[in-house]
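Residues per chain, in single letters:
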Amino acid sequence: MKARRRFTLVLALPLALWLSGCTARVTLPQELQNPKLLYLVDHGRHSSLVLPGSDGGVVRYTYGEWDWYAREEQGAWRGMVAMLWPTRGALGRQEYPVDAPPLPPQVTPEGREQVYQLSAESEQVAALRERLDRRFEAGRDGLIYAERYDLDFVPDPQDYWMMHQSNLVTADWLRQLDITVSGSPWLSRWSVETR
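The structure presented is a predicted model; accordingly, all values stated were derived computationally and were not measured.

### Considerations on helix α4 (residues 122-138)
The end-to-end C-alpha distance of α4, which contains 17 residues, comes to 24 Å, matching closely the 24 Å that a straight helix rising 1.5 Å per residue would cover. Within the sequence span of α4, burial applies to S122, V125, L128, R129, L132, D133 and F136. What you see down the axis of α4 is that its buried residues fit within an arc of 135°, all on one side. Residues of α4 that are exposed and point more than 90 degrees away from the buried face comprise E123, R134 and A138.

The structure is reproduced here in structure tokens:
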């Protein structure tokens, strides 16, 4: 067991040092035919995407580790396990009845957020929301409400681990909206610019 811990430390320490200086640069498209407003929310260690709802209001989506976020089992050991070994993923979702900027406090309940206002093509935003909603509905039988985050979580078919964690998933969602993400989003350090 001690050898495994040493190996993990030897592996994780250089990676942590390398990532500590990395920023994810989000570059928005310049010309949009039918722009739609959305938000990237940086919660400090993880991120969420807030999209317009189909019937008004907004819908917040996030991805995380099942035990850490949905079951709120948090601690150093849980975090290490979640990062180093593939564990059950969780898709978080919550609808809010407002859509006017700035986002109201209930959409960012963790209190340390940086909120970035973005724009993308309306059709792409609607298509992403529909894909995420279908994914959420597919796991509805396992739904858990996490009061700390004010989110409903369902089990996600993709495992969570170091190379598939919340910020990397958020970056992938942004790319599906034709928003360029360069650099490393691993630590949820975002910088937004226009092409």
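### Description of the sheet that holds strand β7 (residues 144-146)
On the basis of which strands lie adjacent, the open sheet formed by 7 strands has the order β6-β2-β3-β4-β5-β8-β7 and antiparallel pairing. The open sheet is flanked by β6 (114-121) and β7, the only strands paired with a single partner. Put simply, the sheet's adjacent strands are angled 35° from each other on average, direction ignored. Relative to strand β5 (residues 87-96), strand β4 (residues 58-65) runs antiparallel, the two being bridged by 8 bridges. Bridge pairing in β5 places Y63 opposite L91. Along the sheet, α4 makes contact with β2 (35-42), β3 (47-52), β4, β5, β6 and β8 (151-160), crossing β3 at roughly 115°. Most of the contacts of helix α5 (residues 166-175) go to β3, to which it runs at about 30°, and overall it touches β2, β3, β4, β5, β6 and β8.

### Considering the nonpolar core
Counting residues in hydrophobic clusters, the biggest one holds 28 residues, and the most contacted among them are L38, W173, L174 and W190. Where this core is concerned, the elements lending two or more residues are β1 (24-28), β2, β3, β4, β6, α4, β8 and α5. Among all residues touching W173, those that are not within four sequence positions of it are L49, Y61, T62, Y63, L91, L128, L132 and R135. Core analysis: the second largest hydrophobic core is formed by 14 residues, A146, Y149, L151 and F153 among them.

### Things to note about the pattern of salt bridges
Counting across every chain of the model gives 5 salt bridges. For R71, the salt bridge identified is with D67, shortest N-O distance 3.1 Å. By relative accessible area, R71 is classed as partly exposed at 45%. Owing to a relative accessible area of 15%, D67 belongs among the buried residues under this scheme. Of the charged contacts in the structure, one is a salt bridge between D156 and R135, with a shortest N-O distance of 2.7 Å. One end of the pair, D156, is in strand β8; the other, R135, is in helix α4, and 21 residues separate them in sequence. With a relative accessible area of 23%, R135 lands in the partly exposed category. Shared partners join several salt bridges into a network, and the residues in it are R93, E95 and D133.

### A look at the packing of aromatic side chains
Inspection of the entire model under this criterion finds 2 aromatic pairs. Relative to Y160, the ring of Y63 has its centre 5.9 Å away and its plane inclined at 25°; by these criteria the two rings are stacked. Taken as a pair, Y63 in strand β4 and Y160 in strand β8 lie far apart in primary sequence, 97 residues in all. Each member of the pair Y63 and Y160 is classed as buried. Against the face of W66 rests R88, its NZ or CZ located 5.5 Å from the ring centre. Between R93 and the ring centre of F136, over which it is positioned, the NZ or CZ distance is 5.7 Å.

### Quick notes on α5
For α5, the buried fraction is high: 7 of the 10 residues fall into the buried class. Within α5, burial applies to S166, N167, V169, T170, A171, W173 and L174. Its side-chain oxygen at 2.7 Å from the backbone nitrogen of N167, Q165 defines the N-terminal cap of α5.

What counts, and at which threshold
- Residues numbered from 1 in each chain as written.
- Predicted model: local features only at pLDDT ≥ 70, side-chain atom pairs only at ≥ 80, totals over all residues.
- Heavy atoms only, no water.
- Helix = DSSP H or I, 4+ residues; strand = E, 2+ residues; numbered from the N terminus.
- Expected span 1.5 Å × (residues − 1).
- Buried < 20%, exposed > 50% of the residue type's maximum accessible area, 1.4 Å probe, protein only.
- Arc of directions from axis to C-beta.
- Pairing = 2+ DSSP bridges.
- Axes fitted to C-alpha atoms, helices over the stretch in contact; angles between N-to-C directions.
- Contact = heavy atoms within 4.5 Å.
- Core = buried A, V, L, I, M, F, W, Y, C linked by side-chain atoms within 4.5 Å.
- Salt bridge = Lys/Arg side-chain N within 4 Å of Asp/Glu carboxyl O.
- Phe/Tyr/Trp six-rings, centres within 6.5 Å; stacked < 30°, edge-to-face > 60°.
- Lys NZ or Arg CZ within 6 Å of the ring centre and 35° of its normal.
- Polar contact = N/O pair within 3.5 Å; in protein donor to acceptor, adjacent residues only side chain to side chain.

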